[in-house]
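Each chain is listed here by its residues.
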Amino acid sequence: MDKLVIKGGRQLSGCVTASGSKNSSLPIIAATLLSGQGTFTLHRIPALKDITTFTQLLNHLGAVTTFSGNTLNISSQNVESIQAPYELVKKMRASIYVLGPMLARFGHARVSLPGGCAFGPRPIDLHLMAMEKLGATITIETGFIEASIPGGKLRAAHIDFPVSSVGATGNALMAAVLAEGTTTISNAAAEPEIETLCKFLIAMGATIRGTGTTELEIEGTNSLNAIEFSNVFDRIETGTLLAAAAITGGEITVNGVEPEQMKAVLKKFVHAGCSVKTTENSITLKSPEKLFPTDITAKPYPSFPTDMQAQWIALMTQAEGTSHITDKVYHERFNHIPELNRLGAHIEILKNQAIVHGPQPLSGTKVMSTDLRASASLVLAGLVAEGTTEVLRVYHLDRGYEQIEMKLNCLGASIVREKYNEF
Ligand code: EPZ
């Protein structure tokens, strides 16, 4: 198993380029199942564990994939199997993304129910509701979702999501593009990753109106083409890198980004006292002498993203005062807090709010990652902690950050990846 050994107290400075987005790569890769013609060439796909897991699933279904650098080639011509096995789905809940495209193309799908999640319940009822609205019959048998279409082809429907769901919106889009008629989706997720999926499907030949908004209209078609496509940047990796500059008192520029997609996060960095300058495709953040306490409430896009909540809590441990952090998306997403407190932070949890008392000097010790963004918050804390911090079980981090220690070391951090054995 790997750990990151971090020597704290070094200010970050310099330039770094953001990787492609993990959370848009996954639905895009799933969408390649919709076309049996030719080979897709996908650029700016991050080399991450979750991407490897997902391509393994597509290979299991019969797709042919080759990954070189950050370019992924996929041909789904020979896909026959319609079963997504537990062994692969349990590794990554986003595997549920194959449900919509498999149903749409083959009229049948058998997908293992996803496993649990470290930060609370993550149901899939909205995914199943959308498929049923589009005419699928869904049963749950021996831990599998059995989905089929009695009439042979999905038919258009109006889908009104009671809760904004990135995954369920993605699945509904990928099913509706091959349904008969025009499907409308209300309260769709408007995250940039879903906007990118819409752009990808349109490039494949789909007709979708409302891209980037919460009201989508999809005209079903009979066939979709394999295309070449360049993925959007990862706004959560970018926010994490900016937080690394802010927490170490440094100044960095992140290139290859679209600042427009990060307005809520950049606004909070400014409230915290940072200087933020943007160009069309870069963001420069300079940390202030003293950070101001800044409350955040994580909500669906375009609000502050839940995937930046843990990183923000780490940053606020150094602010001159008390900050209140609320997560309206995942009410229990606070597994990082006990470990941050072991580094010397003073954070309380009251219902679904974290109260961060700052500034608290942190001192390095061993800490345990529990999930992807929690591990990112521990790395940020290690960058500012006195002495050495060892972040264990970094396989969580590797799911969503491409070469993060290399990027941070290029900016002046001192991080070494080491093997270790757990008792
Ligand atoms: C996506 O997960 C992201 N993952 C998550 O990022 C992110 O935290 C989340 O969206 C919210 O932005 C990927 O894109 C691969 P949701 P997803 O469906 O689609 C409830 C990371 O760190 N809900 O938008 O699973 C759910 O419980 C990961 O990169 C239902 O009730 O999230 C939650 O409260 C972690 N029923 C809310 O909706 C459903 O059927 C939002 O979840 C589905 C969701």
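In case you missed it, the structure is sitting above this.
In short, a report on the structure. Please read these numbers as outputs of a predicted model, since none were measured by experiment.

Calculation rules
Residues numbered from 1 in each chain as written. Predicted model: local features only at pLDDT ≥ 70, side-chain atom pairs only at ≥ 80, totals over all residues. Heavy atoms only, no water. Helix = DSSP H or I, 4+ residues; strand = E, 2+ residues; numbered from the N terminus. Rg over C-alpha atoms; globule rule 2.2 N^0.38 Å. Buried < 20%, exposed > 50% of the residue type's maximum accessible area, 1.4 Å probe, protein only. Contact = heavy atoms within 4.5 Å. Lys, Arg positive; Asp, Glu negative; His and termini not counted. Charge placed at Lys NZ, Arg CZ, Asp CG, Glu CD. Pairing = 2+ DSSP bridges. Axes fitted to C-alpha atoms, helices over the stretch in contact; angles between N-to-C directions. Salt bridge = Lys/Arg side-chain N within 4 Å of Asp/Glu carboxyl O. Parallel < 35°, antiparallel > 145°, perpendicular 65-115°, else oblique. Left-handed = near helix turned anticlockwise from the far one by under 90°. Near = heavy atom within 4 Å. Polar contact = N/O pair within 3.5 Å; in protein donor to acceptor, adjacent residues only side chain to side chain. Areas by Shrake-Rupley, 256 points an atom, 1.4 Å probe, with all protein chains shown as cover. Nonpolar A, V, L, I, M, F, W, Y, C, P; charged D, E, K, R; others polar. Core = buried A, V, L, I, M, F, W, Y, C linked by side-chain atoms within 4.5 Å.

### So, the overall build of the protein chain
Of the regular secondary structure elements, the protein chain holds 14 helices and 24 strands. Here the C-alpha atoms of the protein chain give a radius of gyration of 21 Å, agreeing with the 22 Å that 2.2 N^0.38 yields for 423 residues. When burial is assessed residue by residue, the protein chain has 57% of its 423 residues classed as buried. Contacts in the protein chain between residues at least 24 apart in sequence constitute 74% of all its contacts with a sequence separation of at least 6. Here the protein chain carries 36 positive and 39 negative side-chain charges, and the mean point of each set is 2 Å from the other.

### So, the sheet that holds strand E18 (residues 296-298)
Strand order in the open sheet made by the four strands is E18-E19-E21-E20, with mixed pairing throughout. Each end of this open sheet is capped by a strand with a single partner; those strands are E18 and strand E20 (346-350). Between one strand axis and the next, the sheet turns through 20 degrees on average, direction left out of account. Note that E20 and strand E21 (residues 353-357) share five bridges and pair antiparallel. Across the sheet, the residue bridging to Leu350 is Gln353, located in E21. Along the sheet, helix H10 (residues 309-316) makes contact with E18, strand E19 (322-327), E20 and E21, crossing E19 at roughly 170 degrees.

### Focus: the side chain of Thr53
By secondary structure assignment, the location of Thr53 is in helix H2 (residues 49-61). We classify Thr53 as buried; its relative accessible area is 7%.

### Observations regarding the pattern of salt bridges
Overall, the coordinates contain 18 salt bridges when judged by the stated rule. The closest approach of N and O atoms between Glu217 and Arg209, which form a salt bridge, is 2.7 Å. Classification of Glu217 by relative accessible area gives partly exposed; the value is 28%. Here the residues in one salt-bridge network are Asp2, Asp398, Glu405, Arg417 and Lys419, joined through shared partners.

### Quick look at the packing of helix H8 (residues 235-247) against helix H12 (residues 372-384)
The interhelical angle for the contact between H8 and H12, taken along N-to-C directions, is 20 degrees, at an axis separation of 9 Å. As the angle between them shows, H8 and H12 are arranged roughly parallel. The two elements H8 and H12 cross, and the hand of that crossing is right-handed. Residues Ile236, Thr240, Ala243, Ala244 and Ile247 of H8 lie in contact with H12, whose contacting residues are Arg373, Ala376, Leu380, Ala381, Leu383 and Val384.

### Some points on the site of the ligand
Within the structure, the ligand sits among 25 residues, and Asp125, Leu126, Ser165, Asp307 and Val329 are positioned closest to it. In the model, an oxygen atom of the ligand is placed 3.0 Å from a nitrogen or oxygen of the Asn23 side chain. Residue Ser165 places a side-chain N or O atom 2.7 Å away from an oxygen atom belonging to the ligand. Here the ligand loses 87% of its free accessible area of 820 Å² to cover by the protein chains. Contributions of two or more residues to the shell around the ligand are made by helix H1 (22-31), helix H5 (125-133), helix H6 (166-176) and H12. The residue inventory of the shell around the ligand, partitioned by class, reads twelve nonpolar, six polar and seven charged.

### Describing the pairing of strand E13 (residues 216-219)
The side chains of a regular strand alternate, first on one face of the sheet and then on the other. The side-chain alternation of E13 yields one buried face, formed by Leu216 and Ile218, and one unburied face, formed by Glu217 and Glu219. Summarising the sheet, strand E11 (residues 182-186) and E13 pair through four bridges and their orientation is antiparallel. Looking at the pairing, Thr184 lines up with Glu217 of E13. In the sheet, strand E12 (residues 207-209) pairs with E13 via three bridges, with the strands oriented antiparallel. By the bridge assignment, Thr207 is partnered in E13 with Glu219.

### Quick notes on the environment of Ala203
Within the element layout of this structure, Ala203 appears in helix H7 (residues 192-203). In this structure, the C-alpha to C-alpha distance between Ala203 and Leu224, residues 21 residues apart in sequence, is 9.0 Å.

### Some remarks on the nonpolar core
Of all hydrophobic cores here, the largest spans 76 residues; its most connected members are Leu34, Leu42, Phe54, Val98, Val111, Leu173 and Leu201. With six residues, the single largest contributor to this core is H6. Ranked by size, the runner-up nonpolar core spans 64 residues in total, among them Val16, Ile252, Ile313 and Ala354.

### Quick look at the environment of Asn421
One can find Asn421 in the segment after strand E24 (414-419). A sequence separation of 420 residues divides Asn421 from Met1, and the C-alpha atoms of the two residues are 6.2 Å apart.

### Notes on the sheet that holds strand E23 (residues 388-392)
In spatial order, the strands read E22-E23-E1-E24; together these four strands make up an open sheet with mixed pairing. Here the strands that pair on one side only, and so sit at the sheet edges, are strand E22 (366-368) and E24. Ignoring which end each strand starts from, the neighbouring axes of this sheet average 25 degrees apart. Note: strand E1 (residues 2-7) against E24, six bridges, orientation antiparallel. By the bridge assignment, Lys3 is partnered in E24 with Glu418.

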